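# Reading the structure
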Amino acid sequence: MQVGIVGLPNVGKSTLFNALTQTMKAQAANYPFCTIEPNVGVVEVPDERLYEIAKVEGSQKVTPTFIKFVDIAGLVKGASKGEGLGNQFLAHIREVDAVAMVLRAFKDENVVHVEGSVDPVRDKEIIELELIAKDLETVKKRKEKVEKTAKGGDREAKEELEKLSLLEEKLEKLVPLRSAELPGEVLNYARDKLFLLTAKPLLLVANVGEEDLPEGNEHVEALKKLAREEGLPLVVISAELEAQMAGLPEEERRELLRAYGLDEPGLNKLIREGYRLLELITFFTAGPKETRAWTVKRGTKAPQAAGKIHSDMERGFIAAEVVPWDELVKAGSWQKAKEQGLVRLEGRDYEINDGDVVYFRFNV
């Protein structure tokens, strides 16, 4: 699963991505980061539950779960028509599962704003309109192709044409597809078949100056209002401060956070919010050798969760022994949790919950 980081030039997008990179390297024991290609990074999802479970189980090894972030080239007005890096930018964003839109909410005379002034609400609209324009172009091209087949009486082509017409109608009204009232199968078609940009889940990131932490400023307030109206998640972060903290020892980093009235790095919130935006949850397997976090989509049933570990476990699934992580930690070990009757036996229709610690029974 991957989240694309997008924004106009000079909004702090690259600073944020670099801070993400450096922080994870600086905290190699807890938050490893590895670069796959120049602008793609795989980052550990911060989760203290993993380490608490490992502690009570006496695990020799701890393996976290990860999420991929992609730093995409700065977008400018007219990108949908090829301005700036234009189509190259839009080709990259097609491949991500969700979008984190970084919006400048800081004032700095030394950093020129491409639009001449700081206004994150306006900037969000510029980016949104470019994405809508690109989606409309994609839909129209596909529609021209499908119409020829539909005229020949092909049933599937006619059904697809109906979906395309509905998408075209919404986009021509400048409505991003994620917030349009669309039947589930049409939205899935837009996301999974056409890879339309405005159909992807969106996270807003307000990049503020250090002086505006932790509450933000008038620009952040305007973004909060917008986020509430559109039902979008919003994370307030200072990319510059995050970059400063990246190379510091743990204790100095904590002191700096306290000085700004923060309880944790903003990057942790960004990573977790991206994870949540993708409707992902974490379950755990635990024992003396290893405690490990696993990522599944919300609503995944026990056999499919077992399949994340090994296909044989899904094929030969018998049952799942399950205990919530906090009950396991409180009990002191898996064995003690069983003795106290906290471990439940669940069948193949059981939906895995976030925080479940699971032992799968299977036979191949």
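So, a few notes on the structure that sits alongside this text.

Thresholds applied
Residues numbered from 1 in each chain as written. Predicted model: local features only at pLDDT ≥ 70, side-chain atom pairs only at ≥ 80, totals over all residues. Heavy atoms only, no water. Core = buried A, V, L, I, M, F, W, Y, C linked by side-chain atoms within 4.5 Å. Buried < 20%, exposed > 50% of the residue type's maximum accessible area, 1.4 Å probe, protein only. Contact = heavy atoms within 4.5 Å. Helix = DSSP H or I, 4+ residues; strand = E, 2+ residues; numbered from the N terminus. Right-handed = clockwise from strand over helix to strand, strands pointing away. Axes fitted to C-alpha atoms, helices over the stretch in contact; angles between N-to-C directions. Parallel < 35°, antiparallel > 145°, perpendicular 65-115°, else oblique. Nonpolar A, V, L, I, M, F, W, Y, C, P; charged D, E, K, R; others polar. Patch = residues over 30% accessible without salt bridge, like charges linked within 9 Å, V, L, I, M, F, W, Y side chains within 5 Å. Areas by Shrake-Rupley, 256 points an atom, 1.4 Å probe, with all protein chains shown as cover. Salt bridge = Lys/Arg side-chain N within 4 Å of Asp/Glu carboxyl O. Lys, Arg positive; Asp, Glu negative; His and termini not counted. Charge placed at Lys NZ, Arg CZ, Asp CG, Glu CD. Pairing = 2+ DSSP bridges.

## Remarks on the nonpolar core
Residues Leu16, Ile67, Phe69, Ile93, Leu204 and Val205 are the most contacted members of the largest nonpolar core, which totals 55 residues. Those residues in contact with Phe69, other than ones at most four positions away along the chain, are Val3, Ile5, Phe17, Leu20, Asn39, Val40, Gly41, Val43, Leu270 and Ile271. Counting 20 residues, the second largest nonpolar core, distinct from the first, contains Leu177, Val186, Tyr189 and Ala199.

## Some remarks on unusual backbone geometry
The step from Leu213 to Pro214 runs through a cis peptide bond, and the omega angle for that step is -5°. Residue placement: Pro214 occurs in the loop between β7 (202–207) and α7 (218–230). At Leu174, a position not held by glycine, the phi torsion is positive, near 60°. Mapped onto the elements of the fold, Leu174 is located in the loop between α5 (155–172) and α6 (184–192). Residues other than glycine seldom take positive phi values, yet Glu279 does so here, at roughly 60°. You can see Glu279 is positioned in the loop between α10 (266–277) and β9 (280–285).

## Things to note about the pairing of strand β8 (residues 234–237)
On β8, burial follows the alternation: Val235 and Ile237 on one face are buried, whereas Leu234 and Val236 on the facing-out side are not. With α7 bridging β7 and its parallel neighbour β8, the resulting β-α-β unit is right-handed.

## What about the packing of helix α4 (residues 120–151) against α7?
Packing of α4 against α7 brings their axes to within 9 Å, and their N-to-C directions diverge by 45°. Between α4 and α7, the crossing angle belongs to the class labelled oblique. For the pair formed by α4 and α7, the contact residues are Pro120, Val121, Lys124 and Glu128 on the first element and His219, Ala222, Leu223, Leu226 and Glu230 on the second. Along the lines of polarity and charge, the residues of the contact of α4 with α7 split into five nonpolar, one polar and three charged.

## Comments concerning a negative patch on the surface
On the surface, a cluster of negative charge is contributed by Asp108, Glu109, Glu211 and Glu240. When you line up the elements, Asp108 lands in the loop between β6 (98–104) and α4.

## A closer look at the pairing of β7
The buried fraction of β7 is high, at six of six residues. Here β7 shows a buried face lined by Leu202, Leu204 and Ala206 and a second buried face lined by Leu203, Val205 and Asn207. Here six bridges tie β6 to β7, and the two strands are oriented parallel to one another. Residue Val102 lies in a different strand from β7, and its bridge partner there is Val205. As judged from the four bridges shared by β7 and β8, these two strands associate in the parallel manner.

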